[in-house]
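The primary structure of each chain is shown beneath.
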Amino acid sequence: QHAISIRNLKKTYANGYEALKGVDLDVAEGDFFALLGPNGAGKSTIIGIISTLVRLTSGDIQIFGKDVATHVYEAKLSLGVVPQEVNFSQFEKVGDIVRTQAGYYGLSPKLARERTEKYLKKLDLWDKRDNRARMLSGGMKRRLMIARALVHEPKLLILDEPTAGVDIELRRSMWDFLQEINRNGTTIILTTHYLEEAEHLCRNIAIINHGEIIENTSMRSLLSKL
Ligand code: ADP
Ligand code: ADP
């Protein structure tokens, strides 16, 4: 079973720019997968489309065997997305941001509270739960977005440049955390323009450039070619 399966995905933005030119991509359930490519290659566009924030121009996407276009809510439930840019309200409290998200996914108030505590603790933010989000450091905001993406315990976690702009110490601890999540059975896809990150974390990899997949292989065989 594939966690995600993408066929002939095209995206032309309203200004006429062809950001994706027919992308095919399969990611197996349980995989730790990197979408690697330079800035402007189309990585965020793919993630935006998977998370239904960006409309696709044409193509098909299945998540765990279900067509996203006809199973929108199921797809959302099986997916957690960590965007590149902060997209929560800076004036809300940290705990409320995670708990509210749990509510969107239909968790009961009791379960929402339990999961909020569980994931804020895991991401070392529990003592900040009553702080306004704007008081957090950049690294804490990144961790808050991860906690929020995990609160409904999705089968697939997608992260867009998760360690861009974070210091080396936090990068290491985020890497450890993501590996633990993956070992526990969550499929992970991340985008990065940073080969070392993909090398450290990922089993399989696709390289995208100018809206086209130019390589799709195991990390091991990519490294043997370099
Ligand atoms: P869609 O085709 O998904 O409706 P649009 O083409 O309408 O998306 O663009 C969405 C937003 O992104 C617009 O506000 C647009 O101004 C902005 N935008 C335009 N060009 C770029 C760019 N090169 N990179 C990022 N955002 C852009
Ligand atoms: P990456 O995540 O790999 O850096 P993106 O998916 O953000 O790449 O962008 C791919 C290309 O599409 C870039 O050239 C970008 O400028 C362009 N682009 C992104 N969003 C928009 C938009 N809303 N309107 C027009 N062009 C866009």
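Residues numbered from 1 in each chain as written. Chains lettered and ligands numbered in written order. Predicted model: local features only at pLDDT ≥ 70, side-chain atom pairs only at ≥ 80, totals over all residues. Heavy atoms only, no water.

By the naming in an unreviewed UniProt entry, the chain goes by ABC transporter ATP-binding protein and is assigned to Pseudohongiella nitratireducens.

**Student:** Give a description of the overall build of the chain that names residues and reports values.
**Tutor:** Scanning the chain from N- to C-terminus turns up eight helices and ten strands. In summary, the chain has a C-alpha radius of gyration of 17 Å against a globular reference of 17 Å for 226 residues, a match within 12%. In terms of principal-axis extent, the alpha carbons of the chain reach across some 45 × 40 × 35 Å. By residue count, 47% of the 226 residues in the chain fall in the buried class. For the chain, long-range pairs separated by at least 24 residues make up 68% of all intrachain contacts whose partners lie at least 6 apart in sequence. (Helix = DSSP H or I, 4+ residues; strand = E, 2+ residues; numbered from the N terminus. Rg over C-alpha atoms; globule rule 2.2 N^0.38 Å. Buried < 20%, exposed > 50% of the residue type's maximum accessible area, 1.4 Å probe, protein only. Contact = heavy atoms within 4.5 Å.)

**Student:** So what's going on with the sheet that holds strand β4 (residues 58-63)? Which residues, and what values?
**Tutor:** Ordered by their spatial adjacency, four strands build an open sheet running β2-β1-β4-β5, and the pairing between neighbours is antiparallel. With one partner strand each, in any of the chains shown, β2 (18-28) and β5 (66-67) form the two edges of the open sheet. Where strand β1 (residues 2-12) and β4 come together, five bridges link them in antiparallel fashion. Bridge pairing in β4 places Ile-6 opposite Ile-61. (Pairing = 2+ DSSP bridges.)

**Student:** Can you tell me about the site of ligand 2, naming the residues and giving the values?
**Tutor:** Looking at ligand 2, the residues that line it are Tyr-13, Asn-15, Tyr-17, Ala-19, Pro-38, Asn-39, Gly-40, Ala-41, Gly-42, Lys-43, Ser-44 and Thr-45. Contacts to ligand 2 include Gly-40, whose backbone N or O atom sits 2.7 Å from an oxygen atom. Between ligand 2 and Lys-43, the relevant distance is 2.9 Å, taken from an oxygen atom to a side-chain nitrogen or oxygen of the residue. Here ligand 2 has 560 Å² of accessible area as a free molecule, and 64% of this is covered by the chains. Ranked by the residues each element gives to the shell around ligand 2, the list is headed by helix α1 (residues 43-50), at three residues. Classifying every residue of the shell around ligand 2 gives five nonpolar, six polar and one charged. (Near = heavy atom within 4 Å. Polar contact = N/O pair within 3.5 Å; in protein donor to acceptor, adjacent residues only side chain to side chain. Areas by Shrake-Rupley, 256 points an atom, 1.4 Å probe, with all protein chains shown as cover. Nonpolar A, V, L, I, M, F, W, Y, C, P; charged D, E, K, R; others polar.)

**Student:** Account for the side chain of Thr-45, with residues named and values stated.
**Tutor:** By the element assignment, Thr-45 lies in helix α1. When its relative accessible area of 9% is taken as the criterion, Thr-45 is described as buried. Setting aside anything within four residues of it in sequence, one finds Thr-45 in contact with Lys-11, Tyr-13, Ala-19 and Leu-20.

**Student:** Can you tell me about the packing of aromatic side chains, naming the residues and giving the values?
**Tutor:** Across all of its chains, the model carries zero aromatic pairs by this definition. Lying across the ring of Trp-126, Arg-129 places its NZ or CZ 4.1 Å from the centre. Sitting over the face of the ring of Phe-64, Lys-155 holds its NZ or CZ atom 3.9 Å from the ring centroid. (Phe/Tyr/Trp six-rings, centres within 6.5 Å; stacked < 30°, edge-to-face > 60°. Lys NZ or Arg CZ within 6 Å of the ring centre and 35° of its normal.)

**Student:** How would you explain the nonpolar core if you had to name every residue and give the values?
**Tutor:** Formed by 43 residues in total, the largest nonpolar core has its most connected members in Leu-144, Ile-146, Leu-157, Leu-159 and Ile-205. With sequence-adjacent residues up to four places away left out, Leu-144 is seen in contact with Phe-88, Val-94, Ile-97, Val-98, Leu-120, Leu-125, Ala-133 and Leu-136. Judged by nonpolar contacts, the second largest core, of 26 residues, contains Ile-6, Ile-46, Leu-156 and Ala-206. (Core = buried A, V, L, I, M, F, W, Y, C linked by side-chain atoms within 4.5 Å.)

**Student:** Account for the pattern of salt bridges, naming residues and giving values.
**Tutor:** Scanning the model with the defined rule gives ten salt bridges in all. For the salt bridge of Lys-66 with Glu-74, the shortest nitrogen-to-oxygen distance reads 2.9 Å. A residue is classified by how much of its surface remains accessible, and Glu-74, at 40% relative accessible area, is partly exposed. Notably, a salt bridge pairs Lys-121 with Glu-117, separated by 2.5 Å at the nearest N-O pair. Of this pair, Lys-121 and Glu-117 both sit in helix α4 (residues 109-122), four residues apart, which is roughly one turn of the helix. (Salt bridge = Lys/Arg side-chain N within 4 Å of Asp/Glu carboxyl O.)

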